[in-house]
Amino acid sequence: MMTDYETSTAFLGEWGCFQQQVFFLLSLTVIPNGLTGLSTVFLADTPSHHCLIPAQLNLTPAWRNSSIPLEQESSQGGALVRSRCSRYKLVDILSFSEKGLLPDVDVNLSTVPKESCLDGWEYDQSIYISTIISEWDLVCDESWKKPLTSSFFFCGVLTGSFISGQLSDRYGRKILLFATQAIQTVFTLIQVFSPSWTAFCALFFVVGVGHISNYVAAFVLGAEILSPYVRTVYTTAGVNLFFAGGYMLLPFFGFFIRDWRMLLLGISLPGFFFVPLWWFIPESPRWLLSQGRIEEAEAIIRDAAKKNKVEPPSVIFSPLQVRPFFGCSAREAAVLLKYLGKTKCLICQNTLTIAYFAVSLNTANLHGNVHFNCFLSALVEIPAYILSWTMFRWCSRRLTLSSSLSMGGLFLLLIQLIPTHLFSLAIALEMIGKFAVTTAYSLVYAFTAEIYPTVLRNTALGACSMASRIGSITAPFFIYLRSYSVSLPYILMGSLTALAGLLSLLLPESFGMPLPETIDHMQHFPG
């Protein structure tokens, strides 16, 4: 059997220089994730647009101003706005103009035939110089490509969730952390030179692979190195607060950089500043022990003792107590699949990712300034992560997860009942819903880390994350449903989140339990 790691390393203390260094440096590595993960809020925002009327067309000012039909916009309370996807047939209005006829005086515009935007679109540049939408005309018949862009990123996240756990369990947490962070940074930089939407999406897929892989590696590395109390702070608040910090920086980048290519360049550069951390972040001693590499694990612990100014025992880990681990055995794989198949954690994570990313990506559609709304969406995550740590420290895991999920679902359902002109109240309810969903999102990752043993923890986290990414892939299309009904996304998100809140009560309780080392230490899953 593996040695009781926490007992063997208890002499280090809870919060010495070593633990502080690991805590803050690992948390820092997550900041680029906050910048990249929701960058499509600005990269793929749709500026106001209408059909382009060629400047060389000899139209009178009256007919040029009336060349675009007016339509009711449901998202603006039924107000009349210029059509985004059609114009009056140019041959007809040119004929009327040449004859000296006036629109709505001599000609009834409702009888004039319409046509699509054959000459392209004219985009408003008051907010953006350019986005990928205006660059490649992803509007009207091509508007389905906008949510698909984000889905490509989340497909990469899904792939990364699948492979990162296995690679991390085999080759180590530290190697995977820095390798995938390099992938995220370099491929974000390459995206700047994308010649087409297809190339952009292909690169975005690879960015997604690196994005989730380094997040999970950092999450697990900190969970395995830090002591129980500090581990709770790290997994529920620490790493997430730094992610929120990166997310809060995103609207500032977006505000000062209005061109999508330059914005990508700006958010890729911070990743290069984390290269020196390789020499300051250690490998997981737990993982080294699971591989039978006792000397390396002891060397890290002795170095930690030196930093904490404590004297280590002559023998920290007994070779007779350590079982080498070279991947999953057939029994371990079978048990993992059994528990993953039963656990409602998969459903909770799937629903949470739909709600979290759909609400986050929806900030561009809210009334008011898009940069302020994005900042507000990031800001509410700060108290959410602090609350999640507080609840995780002193409360039942199941009850905290269930209550936050149910509250998030309730507030999202209430939004549809708010009159259109009370947009401030609607935004407030959406941010409260985002607050509750974020609290649950933080809890469920830490909860999952407590359920599974060391030998399979990273693989299990990767598998649960992989299942949840199916939800994130569909999340952009939840927002796309606004084109049919503004209330429909909120009804679906609210209902699914409230249902997940009930199902979470069937998860096992891990509050006050030691972190399991082997499969035999795992709790049984009720239900």
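All figures in this text were calculated on a predicted structure; none of them were measured in a lab.

**Notes on the state of the cysteines**
No. 1: Tallying each qualifying case throughout the model produces 2 disulfides.
No. 2: Note on cysteine connectivity: Cys 51 is disulfide-linked to Cys 117, with sulfurs 1.8 Å apart. Between Cys 51 and Cys 117 the sulfur-sulfur dihedral comes to about -65 degrees; the bridge is accordingly left-handed. Of the two residues, Cys 51 sits in strand β1 (residues 49–51) while Cys 117 sits in the loop between β5 (114–116) and β6 (121–123), which places them 66 residues apart along the sequence. The exposure classification of Cys 51 matches that of Cys 117, with both residues buried.
No. 3: With its disulfide-bonded cysteines labelled consecutively along the sequence, the protein is connected as 1-3, 2-4.

**Some thoughts on a nonpolar patch on the surface**
No. 1: Judged by side-chain polarity, Ile 175, Val 275, Trp 278, Trp 279 and Phe 280 come together as a nonpolar surface patch covering roughly 570 Å² of accessible area.
No. 2: The partly exposed category is assigned to Trp 278, whose relative accessible area is 33%.

**Topic: the UniProt feature "transmembrane region" (unreviewed entry) in the protein**
No. 1: Those residues carrying the UniProt feature "transmembrane region" (unreviewed entry) are residues 199–221, 233–257, 263–281, 370–392, 460–481 and 487–507 in this numbering.
No. 2: The straight-line gap between the two end C-alpha atoms of residues 233–257 is 35 Å; of that span, 96% is helix and 0% is strand.

**A look at unusual backbone geometry**
No. 1: Despite not being glycine, Asp 137 has its phi angle at roughly 50 degrees, a positive value.
No. 2: With respect to the secondary-structure elements, Asp 137 resides in the loop between α7 (132–136) and α8 (145–171).
No. 3: Positive phi outside glycine occurs at Cys 140, with the angle close to 55 degrees.
No. 4: Counting through the fold element by element, Cys 140 comes out in the loop between α7 and α8.
No. 5: The exposure class assigned to Cys 140 is buried, which follows from its relative accessible area of 18%.

**Considering the pattern of salt bridges**
No. 1: Throughout the structure, instances matching the rule amount to 10 salt bridges.
No. 2: As a salt-bridge pair, Arg 302 and Glu 298 come within 3.5 Å of each other at their nearest N and O atoms. Of this pair, Arg 302 and Glu 298 both sit in helix α14 (residues 294–308), separated by 4 residues, roughly a single helical turn.
No. 3: For Glu 298, a relative accessible area of 14% translates into the label buried.
No. 4: Each of Arg 87, Glu 115 and Asp 119 takes part in one network of salt bridges that share partners.

**Describing helix α2 (residues 17–28)**
No. 1: When the terminal C-alpha atoms of α2 are compared, their 16 Å separation across 12 residues agrees well with the 16 Å that a helix rising 1.5 Å per residue should span.
No. 2: Among the residues of α2, Phe 18, Gln 19, Val 22, Phe 23, Leu 25, Leu 26 and Ser 27 are the ones counted as buried.
No. 3: Where α2 is buried, its residues touch α3 (31–37), α9 (173–191), α10 (197–225), α11 (228–256) and α14.

Calculation rules
Residues numbered from 1 in each chain as written. Predicted model: local features only at pLDDT ≥ 70, side-chain atom pairs only at ≥ 80, totals over all residues. Heavy atoms only, no water. Disulfide = S-S within 2.5 Å. Helix = DSSP H or I, 4+ residues; strand = E, 2+ residues; numbered from the N terminus. Buried < 20%, exposed > 50% of the residue type's maximum accessible area, 1.4 Å probe, protein only. Patch = residues over 30% accessible without salt bridge, like charges linked within 9 Å, V, L, I, M, F, W, Y side chains within 5 Å. Areas by Shrake-Rupley, 256 points an atom, 1.4 Å probe, with all protein chains shown as cover. Salt bridge = Lys/Arg side-chain N within 4 Å of Asp/Glu carboxyl O. UniProt positions renumbered as here; feature names shortened; annotations may be inferred. Expected span 1.5 Å × (residues − 1). Contact = heavy atoms within 4.5 Å.

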